Amino acid sequence: MDRYADLGLTISWKNMRFCARTVTNDNSSCVSLRSGAPLHQLRLLGGSERYFLRGFEILGLACTSGAPPVYNNMDEYLDWILYNMRYNIQDTNEVVRILKPNIAKQTLEMEWSMLQQQPGKEQLNLFNMDTCGLPSTRNQNLGQVTVLPWVGFFQAAENVTDEYSTTRSLVVLISEWYALTPKRTVQKNVTWRLLILGQYNPDDPTNCYTGTCEITHQLVEIKNVILPPPDHPRQVFALIELLEPANLKIPYIRPICLPFMDQLYQQKPMEVVISSNISFTIENKKLKMIDYLNCQQRLLLGNHFVTFDGDFPCAIEAEKLRQTPLSSNLGSPVQMPIRYGGRTRYFLYGMDGNQPHIFEDLVYGPYLFGTVQKKDLDWIVESMREKERQTTFISTGKNERVHLSPVQYASKGALFNFNTCGESSSRYPMPWMGNVLSNAPFFNVSRCSVTLISNQYVVGPGYCFSDASTENIIEFGIGSDTAQRECTKTNNSASCPLPKQRVATHKIFLHPHYNRTNHGNDIALAKLATPVDTSQPNVKPICLPIIDEIRSYDTSSLVMASSSLNSLTDFKITTVDDKYIDHRECQNRWQGLRVSFTIDNMKHCVITKRTQDDECVQVFTGASLHSLQRLESNERHFLRGFDVILPRGCSIYYPAVYTNTDGYLDWILETMEQPVGLPFDLQKELIFSDK
């Protein structure tokens with residue numbers, strides 16, 4: 001097109017014309033063909049090679065022209081040719097009927113081979129047509145059950161404290177590194193997503209179906225949720241890039257085949273198979289396709305008064321005598337069995353992309369779904385990349401100096417005791433930590449943790465106090481298991497843990513611009529009904545970095561609150577070291593997951609497991625992040641943030657996200673109320689008591 005445009009010629013292409021040039025190294029020996037010269041393709045038919053007409057020359061000369069010759073695309077005119085030749089058809093139906101099965105089998109495999117060899121089709125090597133689409137079997141009850149091993153569960157969690165994710169839709173594994181799901185699935189606000197592949201039973205984590213335990217499923221983190229660009233003509237599917245490859249050694253995990261070959265589109269399948277989810281059990285059902293009017297009538301009989309444009313794909317149960325009730329889920333794949341490579345394989349034909357639960361009462365059909373089209377496949381192939389497994393995603397972090405300006409309300413420093421704040425011990429590594437207990441009247445379940453900053457104030461995530469009118473109890477004096485072990489070992493009451501303190505909240509201050517959906521300005525300040533007793537080492541406030549010489553810090557001084565993997569009550573302080581991640585890199589990672597929040601310089605990010613071989617650092621909602629700095633010759637802990645976003649499990653890719661409290665110090669100081677009865681004005685006088 002560019003070459004003819006340079007010659008000043010405008011040609012209408014519209015897929016009905018294409019160019020081809022004569023390959024020669026010597027123009028003097030080139031022989032120009034005349035207009036109408038045919039273009040052939042050599043293919044196998046009936047065991048012998050035949051020439052097939054693909055077009056004929058209509059413009060240009062192969063040797064003298066500055067642009068290659070233009071040919072008509074014969075494929076676009078075949079229907080017109082055959083229609084006008086219909087009166088000359090001879091009675092050869094029997095011959096066609098004999099040859100057709102053999103031709104279809106040969107040309108389907110040959111077409112795939114030829115597709116891979118075409119220039120620009122190198123990405124097709126990411127798909128293995130030799131192993132895809134093969135079902136497996138599983139022993140269950142009195143016999144074997146057929147398993148379609150490419151169907152998985154697309155899980156998501158909405159709240160930061162949700163321990164378990166819920167199934168949002170089904171997914172279909174299309175290669176070792178990629179899966180497909182409806183685009184509708186990823187358009188809701190979530191804080192975490194992952195995939196479950198294979199046969200998963202949440203009530204039996206060992207999956208001991210046959211008496212001998214075997215690995216039957218895989219939990220896979222997602223690296224990217226890829227959506228079609230806004231100008232793409234098909235906005236149906238979302239492509240999921242996995243963080244690690246699907247474990248194809250598990251017999252219940254295998255990709256489905258995708259319909260790349262043209263002849264799979266030449267006629268609609270008469271029968272298909274749908275898969276759906278019933279309490280983490282994938283059930284399959286054979287369907288037969290029906291037309292638009294038949295489908296519309298059945299929907300009306302089922303009290304579904306819906307209209308749709310065009311011939312929307314629709315199917316009903318194929319077996320009339322042995323009907324099986326099965327609802328279609330969002331993401332339920334519709335598969336067509338095709339004979340390929342000497343075996344029956346399943347090719348993806350379509351997927352349920354309807355609004356969730358809209359047709360869940362139609363347990364016998366009709367089933368409506370969207371088909372996979374060539375434009376979908378083109379976008380999928382263009383979006384995929386060659387990948388290999390990684391054991392780490394970051395290089396060793398470097399120490400950086402964080403420079404901060406002085407706070408405006410430093411005069412309120414008299415509210416804090418800098419002689420004792422921020423002191424830690426092995427028995428009580430985090431004496432400033434409090435657990436928010438909010439299930440009245442018993443107050444024994446913790447929602448999250450907060451940080452004590454004075455004898456009467458705590459700060460923490462807005463999620464802890466999302467309802468400012470609800471009464472909350474905060475428990476302080478939480479030690480480590482070290483104190484309890486010493487007590488048990490010595491049987492000495494002097495070494496036993498000190499009593500805990502429980503205090504009710506008096507007033508909750510949510511940041512005025514707090515947004516629970518996207519975790520913007522995710523910080524709350526709570527005033528306690530009564531001051532806590534800070535005379536004992538198990539309850540001490542952390543220091544706030546108000547003093548000018550403490551304001552700035554090195555990232556190498558950062559430490560984080562954590563707990564043991566084996567005991568959630570065994571708290572400890574862990575050095576951040578090279579686990580600190582720049583907020584821009586942090587945002588790049590999280591935004592690939594299509595989550596509801598964004599990460600800017602008002603957030604800190606720390607990876608909890610840098611490599612596969614590292615021990616995981618177990619963090620929790622509200623866990624504090626501090627800098628360890630010297631004040632008056634003693635090392636003290638200064639609050640720098642608290643955790644608001646947690647990846648599920650131990651991820652080597654997704655960091656924990658902390659609210660950066662340095663950006664909110666002025667708001668904290670301004671909001672804190674001056675105690676009644678002070679002989680001075682905190683706004684005017686700053687007093688530090690002698691140690």
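Rules used throughout
Residues numbered from 1 in each chain as written. Predicted model: local features only at pLDDT ≥ 70, side-chain atom pairs only at ≥ 80, totals over all residues. Heavy atoms only, no water. Helix = DSSP H or I, 4+ residues; strand = E, 2+ residues; numbered from the N terminus. Buried < 20%, exposed > 50% of the residue type's maximum accessible area, 1.4 Å probe, protein only. Contact = heavy atoms within 4.5 Å. Pairing = 2+ DSSP bridges. Phe/Tyr/Trp six-rings, centres within 6.5 Å; stacked < 30°, edge-to-face > 60°. Lys NZ or Arg CZ within 6 Å of the ring centre and 35° of its normal. Patch = residues over 30% accessible without salt bridge, like charges linked within 9 Å, V, L, I, M, F, W, Y side chains within 5 Å. Areas by Shrake-Rupley, 256 points an atom, 1.4 Å probe, with all protein chains shown as cover. Salt bridge = Lys/Arg side-chain N within 4 Å of Asp/Glu carboxyl O. pLDDT = per-residue confidence, 0-100. Disulfide = S-S within 2.5 Å. Axes fitted to C-alpha atoms, helices over the stretch in contact; angles between N-to-C directions.

Chemist: Could you clarify how one ought to interpret the environment of Gly422 in this entry?
Modeler: For Gly422, the position within the fold is in the loop between strand E20 (401-402) and strand E21 (433-437). On the accessibility criterion, Gly422 (0% relative accessible area) is buried. If sequence neighbours within four positions are ignored, Gly422 has contacts with Trp432, Pro541, Ile542, Cys543, Glu635, Arg636 and His637.

Chemist: Looking at this model, I keep getting lost on the sheet that holds strand E29 (residues 571-575). Mind explaining?
Modeler: Pairing between the strands of a sheet is mediated by backbone hydrogen bonds and can be parallel or antiparallel. Taken in spatial order, the 7 strands make up an open sheet running E29-E28-E32-E33-E34-E31-E30, and their pairing is antiparallel. Of all the strands in the sheet, just E29 and strand E30 (580-581) have a single pairing partner and so form its edges. Pairing between strand E33 (residues 634-645) and strand E34 (residues 656-660): 4 bridges, direction antiparallel. Looking across to E34, one finds that Phe642 is bridged to Thr659.

Chemist: Sorry, what's going on with the packing of aromatic side chains here?
Modeler: Each aromatic ring pair is described using two quantities: the centre-to-centre distance and the angle formed by the ring planes. Overall, the coordinates contain 16 aromatic pairs when judged by the stated rule. Centroid distance Tyr200 to Phe280: 5.1 Å. Interplanar angle 80 degrees. Geometry classified as edge-to-face. With Tyr200 in the loop between strand E10 (192-198) and strand E11 (217-226) and Phe280 in the loop between strand E13 (271-278) and strand E14 (281-289), the pair connects residues that are 80 residues apart, well separated along the chain. The interplanar angle of 50 degrees and the centroid separation of 4.9 Å between the aromatic rings of Trp590 and Tyr654 together place this pair among those described as tilted. Here Trp590 is found in helix H8 (residues 583-591), whereas its partner Tyr654 is found in the loop between E33 and E34, with 64 residues between them in sequence. With a relative accessible area of 0%, Tyr654 lands in the buried category. An aromatic cluster is present here, built from Trp192, Phe393, Trp590, Phe597, Tyr653 and Tyr654 joined pairwise through their rings. Just above the ring of Tyr653 sits the side chain of Arg589; from NZ or CZ to the centre is 4.9 Å.

Chemist: Before we go on, may I ask you to explain a nonpolar patch on the surface in this structure?
Modeler: A contiguous nonpolar surface patch, about 210 Å² in accessible area, is contributed by Phe56, Ile58 and Leu59. Among the structural elements, Ile58 can be located in strand E3 (residues 48-59).

Chemist: What am I meant to see in the confidence of the model for the protein here?
Modeler: Low-pLDDT portions of the prediction should not be read for the details of their coordinates. Chain-level statistics for the protein give a pLDDT mean of 84 and a share of 82% at 70 or above. Overall, residues 89-106 carries pLDDT values under 50, and its contacts beyond four positions in sequence, including any with other chains, amount to 6 contacts. Low pLDDT (under 50) marks residues 685-691, which in the prediction has 15 contacts with non-local residues, meaning those over four places away or in another chain.

Chemist: What exactly am I supposed to notice about the state of the cysteines here?
Modeler: Put plainly, two cysteines are in a disulfide when a covalent bond ties their sulfur atoms together. Overall, the coordinates contain 6 disulfides when judged by the stated rule. Each sulfur in the disulfide pair Cys448 and Cys464 lies 1.6 Å from the other. Of this pair, Cys448 sits in strand E22 (residues 446-452) while Cys464 sits in the loop between strand E23 (457-460) and strand E24 (473-476), placing them 16 residues apart in sequence. Here the two residues Cys448 and Cys464 agree in accessibility, since each one is buried.

Chemist: It is not clear to me how the pairing of strand E16 (residues 333-340) should be interpreted in this structure. Could you clarify?
Modeler: A regular strand carries its side chains on alternate faces of the sheet. Burial runs high along E16: 6 of the 8 residues are buried. By the bridge criterion, 2 bridges tie E13 to E16 in an arrangement that is antiparallel. Across the sheet, Val273 pairs through a bridge with Gln335, a residue of E16. Of the pairings in the sheet, the one linking E16 to strand E17 (residues 343-351) comprises 8 bridges and is antiparallel in character.

Chemist: Sorry if this is basic, but what is going on with the sheet that holds strand E25 (residues 501-510) here?
Modeler: The strand order around the closed barrel formed by 6 strands is E21-E22-E23-E26-E25-E24, and the pairing between neighbours is antiparallel. When strand polarity is set aside, the average angle formed by the axes of neighbouring strands in this sheet is 40 degrees. Here E21 pairs with E22 via 5 bridges, running antiparallel. By the bridge assignment for E22, Leu437 is matched with Ser446.

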